[in-house]
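Structural characterization, general
Here are the chains, one letter per residue:
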Amino acid sequence: MAKPTVKKTAKKEIHCPYCDEEIMKAEFPYCQSCGVTIFYCPKCRQPVARDKRICPHCGAEIKGE
Ligand SMILES: [Zn+2]
Ligand SMILES: [Zn+2]
């Protein structure tokens, strides 16, 4: 019988869209290097620079609050 291989799911790291620095996961992700708050795209969940209105990953419209 084959053992079920438990694959470690790679920890998803968030990187700053400006400087590529890794961002600590928090309720409001924040890049300490750039001093910017990072948004998540509501569609693809990728980090998007705050001043962007369109997600560079999937093209979804970002609605600022
Ligand atoms: Zn940064
Ligand atoms: Zn997106």
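So, here's what we can say about the structure. (Residues numbered from 1 in each chain as written. Chains lettered and ligands numbered in written order. Predicted model: local features only at pLDDT ≥ 70, side-chain atom pairs only at ≥ 80, totals over all residues. Heavy atoms only, no water.)

1. Some remarks on the overall build of the protein chain
Note the following rule: Numbering goes from the N terminus for both helices and strands, where a helix is a DSSP run of H or I of at least four residues and a strand is a run of E of at least two. In this description, contact between two residues means that some pair of their heavy atoms is separated by no more than 4.5 Å. Only the protein chains shown count as cover for residues, and all accessible areas are computed by the Shrake-Rupley method using a 1.4 Å probe.
Looking only at helices and strands, the protein chain has zero helices and five strands in total. Secondary structure elements of the protein chain, listed N to C terminal, follow the sequence β-β-β-β-β. By sequence separation, contacts in the protein chain at least 24 residues apart represent 13% of the contacts at least 6 residues apart. Just so you have it, the protein chain exposes about 5,800 Å², and 51% of that area is on carbon and sulfur atoms.

2. A closer look at the coordination of the zinc ion (ligand 1)
Rules: Note on donors: an N, O or S atom is included if it sits within 2.8 Å of the metal, or within 3.2 Å for Na, K and Ca, and water is never included, so sites can look incomplete. Tetrahedral means four donors with every angle between 85 and 135 degrees, whereas square planar (four donors) and octahedral (six donors) require angles over 155 degrees between opposite donors and between 65 and 115 for all others; sites fitting neither are termed irregular. The cut-offs for exposure are 20% and 50% of the maximum accessible area for each residue type, with area from a 1.4 Å probe on protein chains only; residues under the lower value are buried, those over the upper are exposed, and the others partly exposed.
Looking at the zinc ion (ligand 1), the protein donor atoms are Cys16 (SG), Cys19 (SG), Cys31 (SG) and Cys34 (SG), and they sit 2.2 to 2.3 Å from it. One way to put it: the four donor atoms around the zinc ion (ligand 1) meet at angles of 103 to 115 degrees, and that makes the site tetrahedral. In this structure Cys19 comes out as partly exposed when scored by relative accessible area, which is 31%. For Cys31, a relative accessible area of 1% gives the class buried.

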